[in-house]
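Examination of the molecular architecture
In case you want the letters, here they are:
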Amino acid sequence: EAIQSAAIIQKFEQCFIKRSNGLWTAAILADRGMRPKNARNTRSSSRWYTDDELDDTMDLEPSMLFVINSRGDTKIVQKRHWGKYVRRLNDGSENISTKENVIEEEEEKMIGCRER
């Protein structure tokens, strides 16, 4: 059930993630994408891969990229860990179009700040 709940988190939605120190912290889903399953075993274990960097020889797994603080630090959680490390803030009963409106408003605010 926790994996299914995590799977419906929308881009820019706030949620909780469990940090490596065991504490839960608020985070924002910045992106979703495929990531090599064995990336954790490489020097670039915390690196987010672009679509251009992925190829057919890689064993890929859906993953989520979260922003975890105001400095822009990130955490990547692969699908096999969603149930253990990701929790939604709400039960999902709100209307999806309302979420999209909020996201659009936040994006407009960010664009406005950049133009100043």
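Source: prediction; values computed, not measured.

With that settled, the discussion passes to the pairing of strand β1 (residues 14-18). One face of the sheet, then the other: side chains in a regular strand alternate in exactly this way. The alternating pattern of β1 places Cys15 and Ile17 on a buried face and Gln14, Phe16 and Lys18 on a face that is not buried. In the sheet, β1 pairs with strand β2 (residues 24-36) via five bridges, with the strands oriented antiparallel. Considered in β2, the bridge of Ile17 is made with Thr25. Joining the antiparallel neighbours β1 and β2 is a turn of five residues, in which Gly22 adopts a positive phi near 90°. Alignment of β1 against strand β5 (residues 86-88), held across three bridges, turns out to be antiparallel.

Across the sheet, five strands lie side by side as β4-β3-β2-β1-β5; this open sheet has antiparallel pairing. Only two strands of the sheet have a single neighbouring strand rather than two, namely β4 (74-78) and β5. Within the sheet, the average angular offset between the axes of one strand and its neighbour, ignoring direction, is 45°.

Our next topic: the nonpolar core. Core analysis: the biggest nonpolar cluster contains twelve residues, these being Ala6, Ile9, Cys15, Ile17, Ala27, Leu29, Met64, Phe66, Ile68, Val77, Trp82 and Val86. If you list the elements that add at least two residues to this core, you get β1, β2 and β3 (60-67). Contact partners of Ala6, with chain neighbours within four places excluded, come to Arg32, Met64, Trp82, Val86 and Arg88.

Turning to the pattern of salt bridges, a few remarks are in order. Taken as a whole and judged by the stated rule, the model has five salt bridges. The residue Glu13 makes a salt bridge to Arg88 at a minimum N-O spacing of 3.2 Å. Residue Glu13 is located in the loop between α1 (2-7) and β1, and its partner Arg88 is located in strand β5; the two are separated by 75 residues in the primary sequence.

Per-residue confidence for the protein chain gives a mean pLDDT of 80; residues scoring 70 or more make up 71%. For the protein chain, the element scoring lowest by mean pLDDT is helix α3 (residues 96-115), at 52; β1 scores highest, at 96. Under a pLDDT of 50 for its full length, residues 95-99 has, in the predicted model, four contacts with residues more than four places off or in other chains.

With that out of the way, let us pick up the packing of aromatic side chains. All chains considered together, the criterion is met by zero aromatic pairs. Taking NZ or CZ as reference, Lys75 lies 5.6 Å from the ring centre of Tyr85, over its face.

Before going further, it helps to examine the environment of Ser70. Considering the arrangement of structural elements, one finds Ser70 in the loop between β3 and β4. As for Ser70 and Ala27, which are separated by 43 residues in sequence, their C-alpha atoms are 9.9 Å apart.

Criteria and thresholds
- Residues numbered from 1 in each chain as written.
- Predicted model: local features only at pLDDT ≥ 70, side-chain atom pairs only at ≥ 80, totals over all residues.
- Heavy atoms only, no water.
- Buried < 20%, exposed > 50% of the residue type's maximum accessible area, 1.4 Å probe, protein only.
- Helix = DSSP H or I, 4+ residues; strand = E, 2+ residues; numbered from the N terminus.
- Pairing = 2+ DSSP bridges.
- Axes fitted to C-alpha atoms, helices over the stretch in contact; angles between N-to-C directions.
- Core = buried A, V, L, I, M, F, W, Y, C linked by side-chain atoms within 4.5 Å.
- Contact = heavy atoms within 4.5 Å.
- Salt bridge = Lys/Arg side-chain N within 4 Å of Asp/Glu carboxyl O.
- pLDDT = per-residue confidence, 0-100.
- Phe/Tyr/Trp six-rings, centres within 6.5 Å; stacked < 30°, edge-to-face > 60°.
- Lys NZ or Arg CZ within 6 Å of the ring centre and 35° of its normal.

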